[in-house]
Amino acid sequence: MSEASRRDYSLTGAESALAVERGLVEAEWFRPPIESQRLHALQQRNNHRAAVDTILWLALLMAFGYLAWMAWPSWWAVPAFAVYGALYGGAGDSRWHECGHGTAFRSKRLNDIVYYLASFMLLRQPTLWRWSHVRHHTDTIIVGRDPEIVFPRPTSPLGVIATFVPLSKVPQALWRTAKHAAGRIDTDAADFIPVDELGKLKWESRVYIAIIAGASAWSLLAWTPLPVLYIGLPTIYGAWLMVFFALTQHAGLREDVLDHRLNSRTVYMNPILRFLYSNMNYHVEHHIFPTVPYYALPALHDEVKKHLAPASRSTFAAYREIFSAMRKQWQDSSFDLPRPDVPSINGKVNKDDVVKNDDANGADVTSACANDGGGGVTSRHRIDTGVTVWAGDTHDGMVDLGAADMPMGTSRRIDRGDNTYALHRVNDSQEFYLTDGLCTHGRAHLAEGVLDGCVIECPKHNGCFDLSSGAPTRLPATASLTRYEVTVRNGRIVSDLEETR
Ligand code: FES
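Below is a summary of the structure that appears in this document. All of these numbers come straight from a predicted model, not from anything done at the bench. (Residues numbered from 1 in each chain as written. Predicted model: local features only at pLDDT ≥ 70, side-chain atom pairs only at ≥ 80, totals over all residues. Heavy atoms only, no water.)

### Focus on the overall build of the chain
- Assigned secondary structure in the chain consists of 18 helices and 14 strands.
- The proportion of buried residues among the 501 residues of the chain is 54%.
- For the chain, restricting intrachain contacts to residue pairs at least 6 apart in sequence, the fraction spanning at least 24 positions comes to 64%.
- As displayed, the chain offers around 22000 Å² of accessible surface, 60% of which is attributable to carbon and sulfur atoms. (Helix = DSSP H or I, 4+ residues; strand = E, 2+ residues; numbered from the N terminus. Buried < 20%, exposed > 50% of the residue type's maximum accessible area, 1.4 Å probe, protein only. Contact = heavy atoms within 4.5 Å. Areas by Shrake-Rupley, 256 points an atom, 1.4 Å probe, with all protein chains shown as cover.)

### Structural notes on the packing of aromatic side chains
- Applying the stated criterion across every chain yields a total of 15 aromatic pairs.
- Each ring, one from tryptophan 96 and one from tryptophan 129, has its centre 5.8 Å from the other, and the planes form 80 degrees; the classification is edge-to-face. Here tryptophan 129 lies in helix 6 (residues 126–138) and tryptophan 96 lies in helix 4 (residues 77–101), a separation of 33 residues in the sequence.
- Residue classification places tryptophan 96 among the buried positions, given a relative accessible area of 4%.
- An aromatic cluster is built from Trp72, Phe81, Tyr84, Tyr88 and Tyr230, whose rings are joined through pairwise contacts.
- The ring of phenylalanine 275 has arginine 95 lying over it, and the distance from NZ or CZ to the ring centre is 4.9 Å.
- Here arginine 130 stacks its cationic end above the ring of tyrosine 115, 4.4 Å away from the centre of that ring. (Phe/Tyr/Trp six-rings, centres within 6.5 Å; stacked < 30°, edge-to-face > 60°. Lys NZ or Arg CZ within 6 Å of the ring centre and 35° of its normal.)

### Let's talk about helix 6
- Compared with the 18 Å implied by 1.5 Å per residue over 13 residues, the 18 Å span of helix 6 between its first and last C-alpha is a close match.
- Burial of helix 6 is extensive: 12 of the 13 residues sit out of reach of the surface.
- By the burial criterion, the buried members of helix 6 are Pro126, Thr127, Leu128, Arg130, Trp131, Ser132, His133, Val134, Arg135, His136, His137 and Thr138. (Expected span 1.5 Å × (residues − 1).)

### Some thoughts on the nonpolar core
- Counting 55 residues, the largest nonpolar core has Ile34, Phe81, Phe245, Phe289, Val292 and Leu300 as its most contacted members.
- Broken down by element, this core gets its largest block of residues, 10 residues, from helix 4.
- Ignoring any residue separated from it by four or fewer positions in sequence, one finds phenylalanine 245 in contact with Met269, Leu273, Leu276 and Tyr277.
- Residues Ala422, Ala444, Ala447 and Leu481 belong to the second largest nonpolar core, which totals 14 residues. (Core = buried A, V, L, I, M, F, W, Y, C linked by side-chain atoms within 4.5 Å.)

### Some remarks on the pattern of salt bridges
- Going through the model one piece at a time under the given rule, you end up with 26 salt bridges.
- Salt-bridge contacts for aspartate 256 lead to arginine 22; the nearest nitrogen and oxygen are separated by 3.3 Å. Here aspartate 256, found in the loop between helix 13 (239–250) and helix 14 (260–263), pairs with arginine 22, found in the loop between helix 1 (14–21) and helix 2 (36–42); they are 234 residues apart in sequence, far enough to count as distant.
- Given a relative accessible area of 6%, aspartate 256 falls into the buried group.
- Residue arginine 22 is classed as partly exposed on the basis of its relative accessible area, which comes to 31%.
- Linking arginine 153 and aspartate 336 is a salt bridge whose minimum nitrogen-to-oxygen distance equals 3.0 Å. Of this pair, arginine 153 sits in the loop between helix 6 and helix 7 (157–164) while aspartate 336 sits in the loop between helix 18 (315–331) and strand 1 (389–390); the two residues are 183 residues apart in sequence, bridging distant segments of the chain. (Salt bridge = Lys/Arg side-chain N within 4 Å of Asp/Glu carboxyl O.)

### A closer look at a nonpolar patch on the surface
- On the surface, Tyr66, Trp69 and Met70 cluster together into a nonpolar patch covering about 400 Å² of accessible area.
- Judged by its relative accessible area of 51%, tyrosine 66 is exposed. (Patch = residues over 30% accessible without salt bridge, like charges linked within 9 Å, V, L, I, M, F, W, Y side chains within 5 Å.)

### Quick look at the pairing of strand 6 (residues 432–436)
- In terms of residue burial, strand 6 counts as a mostly covered element, since 5 of its 5 residues are buried.
- Bridging between strand 5 (residues 419–425) and strand 6 involves 5 bridges; their strand directions are antiparallel. Across the sheet, residue alanine 422 finds its bridge partner in strand 6, namely threonine 435.
- Summarising the sheet, strand 6 and strand 11 (residues 483–484) pair through 2 bridges and their orientation is antiparallel. (Pairing = 2+ DSSP bridges.)

### Structural notes on the sheet that holds strand 12 (residues 487–489)
- One open sheet accounts for 4 strands, arranged 2-3-13-12; its pairing is antiparallel. Because the sheet does not close on itself, it has two edges, and the strands there are strand 2 (394–395) and strand 12.

### Describing the packing of helix 4 against helix 6
- Where helix 4 contacts helix 6, the two axes come as close as 11 Å, and the packing angle between them is 80 degrees. It follows from the interaxial angle that helix 4 and helix 6 lie roughly perpendicular. Where helix 4 approaches helix 6, its residues Trp96, His97, Gly100 and His101 are matched on the opposing element by Trp129, Arg130, His133 and His137. (Axes fitted to C-alpha atoms, helices over the stretch in contact; angles between N-to-C directions. Parallel < 35°, antiparallel > 145°, perpendicular 65-115°, else oblique.)

### Observations regarding the state of the cysteines
- Per the counting criterion, the structure on display carries 0 disulfides.
- In this model cysteine 464 remains outside any disulfide bridge; the closest cysteine sulfur is found in cysteine 458, 8.7 Å from its own.
- Residue cysteine 464 is classed as buried on the basis of its relative accessible area of 9%. (Disulfide = S-S within 2.5 Å.)

### What to know about the sheet that holds strand 7 (residues 450–452)
- Across the sheet, which stays open at both edges, the 4 strands sit in the order 7-8-9-10 with antiparallel pairing between neighbours. Strand pairing shows two members of the sheet lacking a second neighbour, strand 7 and strand 10 (472–474), which therefore form its edges. Recorded for the sheet is a direction-independent mean angle of 30 degrees between the axes of neighbouring strands.
- Relative to strand 8 (residues 455–457), strand 7 runs antiparallel, the two being bridged by 3 bridges. Bridge pairing in strand 8 places aspartate 452 opposite valine 455.

### A word on the pairing of strand 13 (residues 492–495)
- Relative to strand 13, strand 3 (residues 398–403) runs antiparallel, the two being bridged by 3 bridges. Paired with valine 399 across the bridge in strand 13 is serine 495.
- Relative to strand 13, strand 12 is paired through 3 bridges, and the arrangement is antiparallel. Residue pairing in the sheet places valine 488 in a bridge with isoleucine 493 of strand 13.
- Remark: 2 residues form the turn of the hairpin made by strand 12 and strand 13, two consecutive strands paired antiparallel; asparagine 490 in that turn has positive phi of roughly 50 degrees.

### Observations regarding the side chain of arginine 124
- Relative to the helices and strands, arginine 124 resides in the loop between helix 5 (108–121) and helix 6.
- For arginine 124, a relative accessible area of 8% puts it in the buried group.
- Apart from the residues lying within four places of it in its own chain, the contact partners of arginine 124 are Asp93, Trp96, Ser119, Trp129, Tyr208 and Met242.

Shown next, in the form of structure tokens:
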């Protein structure tokens, strides 16, 4: 494979500028239609369900750690450590992922605790990877933009095998952590992490280095590998399970498309694999609806599958497809797996649709967005993507926003001219809040997000806002939401659309 045919996957190279030019950056992506009440039900979080799964995972981890301890130094310790490592460096990945999105538990604190624990297990600096994953969801498999493209084309068969035992990747990650601990932030990280988050990154890196150094020193002083076999090394010897799952997500599929049905893969897996992988085998659904928690993904799949490409029938079938694509891409890096089975919406065909996509209503949704990815925003946009209430008549300077019979705990999108708003009715209360309709981090419609108490969660990257003040309460949202006064008159919700301070 010649160097000339290799693309530049760095985030600061020529491909990055090209992606911007082609309208692939922070663009609007395909989203299948779904009834809003049904989506609302699927988005609900369940502390109990997530706690049961987390406790079972940790209990298994401790049980196999204990078995390894008891069996040491006999050969029986090898299989026990193998399972311990797979649970630590493999199953830890999907826990990291779900809690990073903040969707596993309803409680923010519980999500954060598990996120930090799993981040350490995978040797991922929490702040760096939180922002990296935001970028992955914004520009999924867009070359020059997505920092989480695992297999840059062309990937050699040896390269794939090497990924299963990351003997070079983990030392690289350790070296990167050490550099960040010393305050030397690399250019890729600086590309997607806001400047005011860099201090946190340095401190997290220092804690990681201290723990790894402590375990290593303990091993040396006690002259036994046991401490590092429990802390640190499982990230390497258990990584095979993480790679086994991760490979199915996007490998071999298309680059530079604005349709997750073309660059992501859903695979049917058995219940044991789905437990270890937290249902991330429903990967297309997760990318399109990242506010839906992992335990609701099978139901979401049933709801939208008629709009998606058929799922891979099994993990084996997925791997056959991946290796066949990689073999062809090794010869010709521009080879794309055909996806003739992706259903079209309103007669629009997606097959050769590289830059443009069409939403459920057939509207062109590719207009550029001037978001800097770090919280600075943008002008308002109106995008016809879903159910909309158009603001009605004006009386005495007050605009009619519709009937006040909205169900509690729901949000409604309101469009007026080129402006879009979101009207929220919080749970167990008569209170209404009117805010800007688009998230301050990007251009997602907040009315499609999750309303929990007085907090609205953005449907795109799970950023949150307190409706009573407009203040952001969860990253990546960093700028406040504009609010407007609303009142109820004669059963109608009305507003003068003046900003509330
Ligand atoms: Fe990113 Fe809303 S668009 S958090």
